[in-house]
Amino acid sequence: MARGKLRIYLGAAPGVGKTYALLSEAHRRAERGTDCVVAFVEHHDRPRTEVMLHGLEEIPRKRLRYRDAFFDEMDVDAVLRRAPAVALVDELAHTNVPGSRNAKRWQDVEELLAAGIDVISTVNIQHLESLGDVVESITGVRQRETVPDEVVRRADQIELVDMSPEALRRRMAHGNIYQPDKVDAALSNYFRPGNLTALRELALLWVADRVDEYLTAYRSEHRVSKIWGSRERIVVGLTGGPEGRTLIRRAARLAEKGAGGEVLAVYIARSDGLTSASPKELAVQRTLVEDLGGTFHHVVGDDIPAALLDFARGVNATQIVLGSSRRKAWQYVFGPGVGATVARDSGPDLDVHIVTHEEVAKGRGLPVARGARLGRARIIWGWAVGLVGPAVLAVLLNTVDLGLANDMLLFLSVTVAAALLGGLLPALASAAFGSLLLNYFYTPPLHRLTIADPKNIVAIAIFFGVGMSVASVVDLAARRTHQAARLRAESEILSFLAGNVLRGETSLEELLERVRETFAMESAALLERAGDVEPWTCAGRAGFGRPLERPEDADVDMPVGDHMALALTGRVLPAEDRRVLAAFAAQAAVALDRRRLQEEADQARALAEGNRIRTALLAAVSHDLRTPLAGIKAAVSSLRSDDVAWSEEDRAELLEGIEEGADRLDHLVGNLLDMSRLQTGTVTPLIREIDVDEVAPMALVGVPEDSVELEVPETLPMVAVDPGLLERCMANLVENAVKYSPRGRRVLVTASGIADRVEVRVVDRGPGVPDEAKDRIFEPFQRYGDAPRGAGVGLGLAVARGFAEAMGGTLNAEDTPGGGLTMVLSLRAAGSRPEALDTGRDLVEPERQTTL
């Protein structure tokens, strides 16, 4: 069965019209006779969206019970039994209620696609997994519901649903997105113009990158070599000289003038030995271009202008930036130069910028020996001189008599010229042809292929031997020069690889992309298997083209050990390139090992953190728990002593000390057990709906009277929490606030409703906490400032945050206006989903301000 096709409507924020566009497409397809059903679409009480559901067949939803509440989810089995041509599935990043068929809705969609059902879905840019940190830095809200980028990238169609921030805010103000009681909070927080503009830019850039990938794949599949200037992409040609920094900066300024401009710096290792690039200078230029947001590429090419143009056309560049030649005037006898050649051959679709710099015409030390492999043009000229030259010379010498010795020297000169141009074979042909002409025209008897004087035989033999020797020396020199140049190019590449190994900068995918670029291949993949009979798996891949399932399917494969191979597609490499390829393959294996070692190191770091927690726990047990035990034992021993007659006041004081010590011991042990449960992941909240004003008074039991002022309105919406965990969480916050509040200054506990969240604020007027320490105070076994060891084990805030997150809430610290610290506990209101949805329910987080 053919796999179904996935179409995704991507939006920058809730309310831009993704669901409406999805339903509109469904109606268009239904009118054309397509069997289209609604598998799961949430209209969020938006009238215009709800109207669009009319006339479409809806698959009944599956109702699931979770923690005393019922939730509706998509019935995957019902959709599969119905087997429509197209299924509408809203909110691709949604997290299913525990007990569902799959944990995530995108996994449900994968099942439908595998069954041959086309799916139309929606997702917001903030739900893409790779953009979680970026979105959090923009909005201050961490997305709990995400979808892997690869799921969205694999979609057959991605359509951007765009709307300007001003239009979206007007839609919000008109009540077309949220209920009226949530509009003000949304507009002043998540839906601020700055937030919406930044999210819109993220969406536009992400879609632009995907379009660029599709364009590259299309050009490759259809072998389109002509440049399509769909976006400004600037290639900087580097020689390794000091002018490279000027060129990179100039290209960066050009890129800034065009929207979405890219800079790609490329150094082509010249196999003709004409450059003397400094590895240190190249490293500096590589760092510079990456700091400016560009990329650095290292390519091997025999013909520098052709290689540069091939690279530019391969990446669909629109401009090339080159520096003015550093050669002196006399050095132009060797050719017009790279810049002039590139400008001449670039064609009308590729602009070439020649940038002046301080190194112009200062010389570049061109060696006399060209050191390149003899090209086709030189070989043709060599044969022409070797065969035509002796004949022309014979015609000229027939008009003048210079003597046999001079005639031989002239013929030897032609042979040397043929050797210099075409190498060994043209020179041998020239020597043989010249010997015949000398014998026929200039040695007695003339015009006969016989030689009367034995001395002439020796002279012609010497002539032929000298010609062969010169030709052999010239050919050997050309070969050795080419080998030296190639080894130099290889050493530059290996030096680059070694530098990356030492710095640990190149990931496996980046290294494979470097392999693909260096050898001008379509794709490069690192394949591995566990044993000789196990199937091959792909550990990493770069490029485009067909995926490889085994090394035998590749055009080139390089084994790495017994169960790993580097596979390339595109063309067959010559044997001389396999040495460098072997180095790349070994480095790819090292990169894979390094990645796995890093994963193991992360696991080890987590274990080390656990050991640190256990060590601190032992320290707490050995000291902080001993103090209340010692006080209890001393009081009990005093009461049991018969040597002292205790008064009623003394007995009451001792009993009070025992009670305080027992309460303190109970509190410490409770926090230690709670922290242990959080560290082992065994906290399972029992969520139910409850009013905050029912829990708040119980959280104040352990603090002195008149130390806390409670302001919790009775009109607040109920919250979906575990009452026991919420009580412990608030109790720890209040206890911590009372501990650091000045004497006579009461702690304020307030609560307010914002959108579908309820915020509980615990405000103190203590010394406060600097911004850099606000996150650190929530770590286990942390005491801020000079708190003595007897002040507790430093677990209260860590336990409070752990309980808050276990209930789907958040706990953060803020400065209290006028001095002090405010703990902000944000809880999920009853009736909202356990996770953030497409509607932006957990996105409408207020800009935190303290109101007393």
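Use the structure listed above.
Keep in mind it's a predicted model, so treat the numbers as computed, not measured.

Conventions adopted
- Residues numbered from 1 in each chain as written.
- Predicted model: local features only at pLDDT ≥ 70, side-chain atom pairs only at ≥ 80, totals over all residues.
- Heavy atoms only, no water.
- Patch = residues over 30% accessible without salt bridge, like charges linked within 9 Å, V, L, I, M, F, W, Y side chains within 5 Å.
- Areas by Shrake-Rupley, 256 points an atom, 1.4 Å probe, with all protein chains shown as cover.
- Salt bridge = Lys/Arg side-chain N within 4 Å of Asp/Glu carboxyl O.
- Lys, Arg positive; Asp, Glu negative; His and termini not counted.
- Charge placed at Lys NZ, Arg CZ, Asp CG, Glu CD.
- Helix = DSSP H or I, 4+ residues; strand = E, 2+ residues; numbered from the N terminus.
- Buried < 20%, exposed > 50% of the residue type's maximum accessible area, 1.4 Å probe, protein only.
- Core = buried A, V, L, I, M, F, W, Y, C linked by side-chain atoms within 4.5 Å.
- Pairing = 2+ DSSP bridges.
- Contact = heavy atoms within 4.5 Å.
- Axes fitted to C-alpha atoms, helices over the stretch in contact; angles between N-to-C directions.
- Expected span 1.5 Å × (residues − 1).
- Polar contact = N/O pair within 3.5 Å; in protein donor to acceptor, adjacent residues only side chain to side chain.
- Parallel < 35°, antiparallel > 145°, perpendicular 65-115°, else oblique.
- Left-handed = near helix turned anticlockwise from the far one by under 90°.
- Nonpolar A, V, L, I, M, F, W, Y, C, P; charged D, E, K, R; others polar.

Let us look at a positive patch on the surface. There is a patch of like positive charges on the surface, built from Arg249, Arg250, Arg253 and Lys257. Inspection of the secondary structure assignment puts Arg253 in helix α10 (residues 244-257). Judged by relative accessible area, which is 43%, Arg253 ranks as partly exposed.

This part covers the nonpolar core. Core analysis: the largest hydrophobic core is formed by 63 residues, its most contacted members being Leu88, Leu112, Ile125, Val147 and Trp206. Sort the elements by how many residues they give to this core and helix α9 (residues 193-221) lands first, with six residues. One finds Ile690, Val703, Val734 and Ala804 within the second-largest nonpolar core, a separate group that totals 44 residues.

Okay, the pattern of salt bridges next. The final tally for this structure, using the stated rule, is 24 salt bridges. When the shortest N-O distance is used, the salt bridge between Glu25 and Arg29 registers 2.9 Å. Separated by four residues within a single helix, Glu25 and Arg29 lie in helix α1 (residues 18-31), roughly one turn from each other. For the salt bridge of Arg200 with Asp162, the shortest nitrogen-to-oxygen distance reads 2.9 Å. On the criterion of sequence distance, the pair formed by Arg200 in helix α9 and Asp162 in the loop between β8 (157-161) and α7 (165-173) is long-range, its members being 38 residues apart. Residue classification places Arg200 among the partly exposed residues on the basis of a relative accessible area of 26%. Asp162 gets classed as partly exposed once you look at its relative accessible area, which sits at 36%. Three or more residues joined by partner-sharing salt bridges are found here, namely Arg7, Glu25, Arg28, Arg29 and Glu159.

This paragraph deals with the pairing of strand β4 (residues 62-65). Bridge count between β4 and strand β5 (residues 70-73): four bridges; the pairing is antiparallel. Across the sheet, the residue bridging to Leu64 is Phe71, located in β5. Joining the antiparallel neighbours β4 and β5 is a turn of four residues, in which Arg67 adopts a positive phi near 55°.

Turning to the sheet that holds strand β6 (residues 86-89), a few remarks are in order. Pairing is parallel across the open sheet formed by six strands, whose spatial order is β3-β2-β6-β7-β1-β8. The outermost strands of the open sheet, each flanked by one partner alone, are β3 (57-58) and β8. Across five bridges, the pairing between strand β1 (residues 6-11) and β8 is parallel. Across the sheet, residue Ile8 finds its bridge partner in β8, namely Ile158. Contacts between helix α4 (residues 105-114) and the sheet are confined to β1, β2 (36-40), β6 and β7 (118-124), with β6 contributing the most and set at about 180° to the helix.

This paragraph deals with helix α23 (residues 723-740). With 18 residues, α23 should reach 26 Å at 1.5 Å per residue; the first-to-last C-alpha distance of 26 Å fits that figure. Inspection of α23 places Pro723, Leu725, Leu726, Cys729, Met730, Asn732, Leu733, Val734, Asn736, Ala737 and Val738 among the buried residues, and these make up the whole buried set.

Along the chain, the position of Asp149 falls in helix α6 (residues 149-153). Here the side chain of Asp149 touches Ser130 through a polar contact of 2.4 Å, side chain to side chain. Ignoring any residue separated from it by four or fewer positions in sequence, one finds Asp149 in contact with Leu128, Glu129, Ser130 and Trp206.

A positive phi angle, close to 50°, is found at Ala83, a residue other than glycine. Its location among the elements puts Ala83 in the loop between α3 (76-82) and β6. In this model, Glu91 sits at a positive phi of 55°, which is unusual for a non-glycine residue. Tracing the chain through its elements places Glu91 in the loop between β6 and α4.

Before going further, it helps to spend a moment on the sheet that holds strand β17 (residues 564-569). Pairing in this open sheet of four strands is antiparallel, and the strands run β15-β14-β17-β16 from one edge to the other. Each edge of the sheet is formed by a strand with only one pairing partner; in this case those strands are β15 (537-543) and β16 (556-559). The mean inter-strand angle of the sheet, taken between neighbouring strand axes irrespective of direction, is 15°. In this structure, strand β14 (residues 523-528) lies alongside β15, joined through six bridges in antiparallel fashion. Paired with Ala525 across the strands is Arg541, a residue of β15.

Turning our eyes to something else, we now look at the packing of helix α22 (residues 692-699) against α23. Here α22 crosses α23 at 50°, and the two axes come no closer than 8 Å. Comparing the axis directions of α22 and α23 gives the class oblique. Viewed along their axes, α22 and α23 form a crossing whose handedness is right-handed. Seen from α22, the contacting residues are Val695, Ala696, Met698 and Ala699; seen from α23, they are Pro723, Leu726, Glu727, Met730 and Ala731. Among the residues forming the contact of α22 with α23, the class breakdown is eight nonpolar, no polar and one charged.

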